Amino acid sequence: MKLLRYGLPGEERPGILDNHGRIRSLDKYILDVGGSALLPASLDVLRGLDIQQLPLVGGEPRLGPCVGGVGKFICIGLNYADHAAETGAAIPGEPIVFNKWTSAIIGPNDEVQIPRESVKTDWEVELGVVIGQGGRYISEQDALDHVAGYCVVNDISEREWQIERGGTWDKGKGCDTFGPIGPWLVTADEIPDPQALDLWLEVDGKRYQNGNTGTMIFGVRHVISYLSRFMSLQSGDIIATGTPPGVGMGQKPQPVYLRAGQTMRLGVEGLGEQRLRTIQA
C-alpha cells in the first residue's frame with residue numbers, strides 16, 4: 001500500500017494511492033497516517049479494503065508529509081563509506097545518531113527555506129524507515145517486524161552550523177523545512193529488501209547523488225536494533241538512514257551549496273519522488 005496525507009498544511013487528511021495513481025480517502029477508517037494507525041492490526045484492516053471502492057479525491061490536492069504526529073525523527077550520520085570519504089570523515093565504528101526536530105517536517109513538494117545567514121545549505125537523499133510496532137531492545141532478527149513502511153527523506157543540512165559552530169550536529173539539521181518526507185509511506189510488504197534500493201538526487205537537472213542502500217555501513221536491521229538499546233521506538237517514529245555520496249559539501253574542486261530559486265528532485269526506488277523549490281527565509 002502507498003499511504004499518504006493530502007490537504008493544506010496542518011489540515012491534512014489520510015489517503016491511499018489506487019492502482020491508477022489516484023488518491024482515495026481513508027477518512028472512514030483512520031484519523032491520520034501515523035501513531036496507532038501504523039500498528040500491524042490497523043495496517044491489516046487497510047490491506048483488506050477494496051481500494052477502488054473508496055471515495056475518490058478530486059482535483060490535484062497538495063501532498064503533505066506522509067506521516068502525521070511524528071514523535072521522533074532520528075537520523076544516522078556517515079552511514080555510507082563513500083559519503084564519509086567525500087566529507088573527510090573516518091568510517092564510524094558504530095552508528096552516529098542525531099535528531100531532526102519535528103518542526104522541520106514538510107511535504108514532498110513544498111518549499112524549502114534557506115535560513116537567514118546560511119551560506120552552506122546542502123542536500124541528502126535518504127531512505128526513511130517508519131516504525132509500526134514499537135519496542136525496546138529489539139533484536140536484529142526481529143527488527144523488520146517493527147517497520148510499518150518506508151519513505152523518501154531529504155535530510156537537508158546547514159553545514160556551517162552543523163560542523164563549524166560547536167556542539168552537536170542538531171543545530172544544522174533541524175531548521176524549519178529541513179525534513180521533507182514522502183510522497184508516500186510504502187508499506188513494508190511492498191519492499192522485500194530495504195538493502196537493495198537505488199536512490200538519487202538532482203539540483204536544477206544536474207544529477208549529484210546516485211547510490212544504493214546495499215552500500216550502507218549499518219543496515220536497517222542493525223540501525224533499528226541499535227537505536228532500541230537507547231530509547232523506545234514508537235509507532236510513527238521516522239529513522240533517516242544516511243545518504244550516499246554526492247552531497248554539496250563533497251563536490252570538487254569546491255563545494256556547491258543551495259541558493260534560493262533552485263529545484264531539487266530526488267527519489268528512492270519504489271518510494272516515489274520529491275520535487276522541492278528553494279526560497280529565502
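Each remark here, short or long, concerns the structure printed above.
Residues numbered from 1 in each chain as written. Predicted model: local features only at pLDDT ≥ 70, side-chain atom pairs only at ≥ 80, totals over all residues. Heavy atoms only, no water.

**Q** I keep staring at the pattern of salt bridges and nothing clicks. Help me out?
**A** It is possible for side chains bearing opposite charge to pair when their charged atoms get close. A full pass over the atoms with the stated rule returns 20 salt bridges. For Arg-47, the salt bridge is made with Asp-44, and the minimal N-O distance between the two is 2.8 Å. Here Arg-47 and its partner Asp-44 are both found in helix α1 (residues 40–47), three residues apart, which amounts to about one turn of the helix. One network of salt bridges, in which partners are shared, links Lys-100, Asp-122, Glu-124, Asp-155, Arg-159 and Lys-173. (Salt bridge = Lys/Arg side-chain N within 4 Å of Asp/Glu carboxyl O. Helix = DSSP H or I, 4+ residues; strand = E, 2+ residues; numbered from the N terminus.)

**Q** How do you make sense of the layout of surface pockets when you look at a structure like this?
**A** What the largest pocket holds in volume is close to 190 Å³. Leu-78, His-83, Thr-87, Gln-162 and Trp-169 are, among the 20 residues lining the largest pocket, the residues nearest its centre. Put simply, the parts of the chain that give the lining of the largest pocket at least two residues each are β4 (73–77), α2 (81–87) and α3 (159–164). If one sorts the elements of the lining of the largest pocket by residue count, α3 sits on top with three residues. Residue composition of the lining of the largest pocket, by class: seven nonpolar, eight polar and five charged. (1 Å grid on protein atoms, 1.4 Å probe; cavity = no way out; pocket = protein on both sides within 12 Å on 5 of 7 lines; lining within 4 Å. Points joined across faces, edges and corners; volume = space filled by probe spheres on them. Nonpolar A, V, L, I, M, F, W, Y, C, P; charged D, E, K, R; others polar.)

**Q** Help me out: how do you make sense of unusual backbone geometry in this one?
**A** The general pattern is negative phi for most residues beyond glycine and trans for most peptide bonds. Omega for the bond connecting Lys-252 with Pro-253 falls within 30 degrees of zero, at 10°, which places this linkage in the cis form. Positive phi is not limited to glycine here, since Leu-78 has a value of about 50°. Along the chain, Leu-78 falls in the loop between β4 and α2. The residue Glu-117 is not glycine, and still its phi comes out positive at about 75°. For Glu-117, a relative accessible area of 74% translates into the label exposed. (Buried < 20%, exposed > 50% of the residue type's maximum accessible area, 1.4 Å probe, protein only.)

**Q** Would you explain the sheet that holds strand β3 (residues 23–25) in this entry?
**A** Note: strands within a sheet are paired through backbone hydrogen bonds, in either parallel or antiparallel orientation. As summarised here, the arrangement of the nine strands in space is β3-β2-β1-β13-β10-β9-β16-β4-β5, forming an open sheet in which the pairing is mixed. The strands lining the two open edges of the sheet, one partner per strand, are β3 and β5 (96–99). If you compare each strand with its neighbour and ignore which way they point, the axes differ by 30° on average. By the bridge criterion, three bridges tie strand β2 (residues 13–17) to β3 in an arrangement that is antiparallel. Within β3, the position partnered with Ile-16 by the bridge is Arg-24. (Pairing = 2+ DSSP bridges. Axes fitted to C-alpha atoms, helices over the stretch in contact; angles between N-to-C directions.)

**Q** Is there a simple way to explain the environment of Leu-271 in this structure?
**A** Along the chain, Leu-271 falls in the loop between β17 (263–268) and β18 (272–280). Measuring from C-alpha to C-alpha, the distance between Leu-271 and Tyr-150 comes to 7.2 Å, with 121 residues separating the pair along the chain. Every residue in contact with Leu-271, bar those within four places of it in the chain, is listed here: Leu-127, Tyr-150, Cys-151, Val-152, Pro-183, Trp-184, Val-186 and Ile-191. (Contact = heavy atoms within 4.5 Å.)

**Q** Would you mind showing me how to read the packing of aromatic side chains here?
**A** Scanning all chains against the criterion turns up three aromatic pairs. With 4.8 Å between their ring centres and 50° between their planes, Trp-123 and Tyr-208 make a pair best called tilted. Placement of Trp-123 in the loop between β8 (121–122) and β9 (125–131) and of Tyr-208 in strand β15 (residues 206–212) is noted, with a sequence separation of 85 residues between them. Taken as a pair, Trp-123 and Tyr-208 share a single burial class, namely buried. Sitting over the face of the ring of Trp-184, Lys-2 holds its NZ or CZ atom 5.9 Å from the ring centroid. (Phe/Tyr/Trp six-rings, centres within 6.5 Å; stacked < 30°, edge-to-face > 60°. Lys NZ or Arg CZ within 6 Å of the ring centre and 35° of its normal.)

**Q** Looking at this structure, how should I read α1?
**A** Owing to its 3.6 residues per turn, the α-helix aligns residues three or four sequence positions apart on the same side. All of the buried residues in α1 are Ser-42, Leu-43 and Leu-46. Axial view of α1: buried residues confined to an arc of 95°, hence all on one face. Next to the buried residues of α1 lie β1 (2–6), β10 (147–154) and β13 (185–187). (Arc of directions from axis to C-beta.)

**Q** Just to check I follow, could you spell out the sheet that holds strand β14 (residues 198–203) for this structure?
**A** Here we have five strands laid out as an open sheet, ordered β7-β18-β17-β14-β15, and mixed in their pairing. Whereas interior strands pair on both sides, the edge strands pair on one side only; in this sheet they are β7 (111–114) and β15. The mean angle between the axes of side-by-side strands here comes to 20°, regardless of whether they run parallel or antiparallel. For β14 and β17, the ladder comprises five bridges, and the chain directions are antiparallel. Residue pairing across strands places Leu-201 opposite Leu-266, the latter belonging to β17.

**Q** Would you mind going over the side chain of His-146 with me for this structure?
**A** Topologically, His-146 is positioned in the loop between β9 and β10. According to the relative accessible area criterion, His-146 is buried, its value standing at 14%. Discounting residues that sit within four places of it in the chain, His-146 has contacts with Val-130, Ile-131, Gly-132, Gln-133, Gly-134, Gly-135 and Ile-138.

Purely geometric numbers; function is a separate question.
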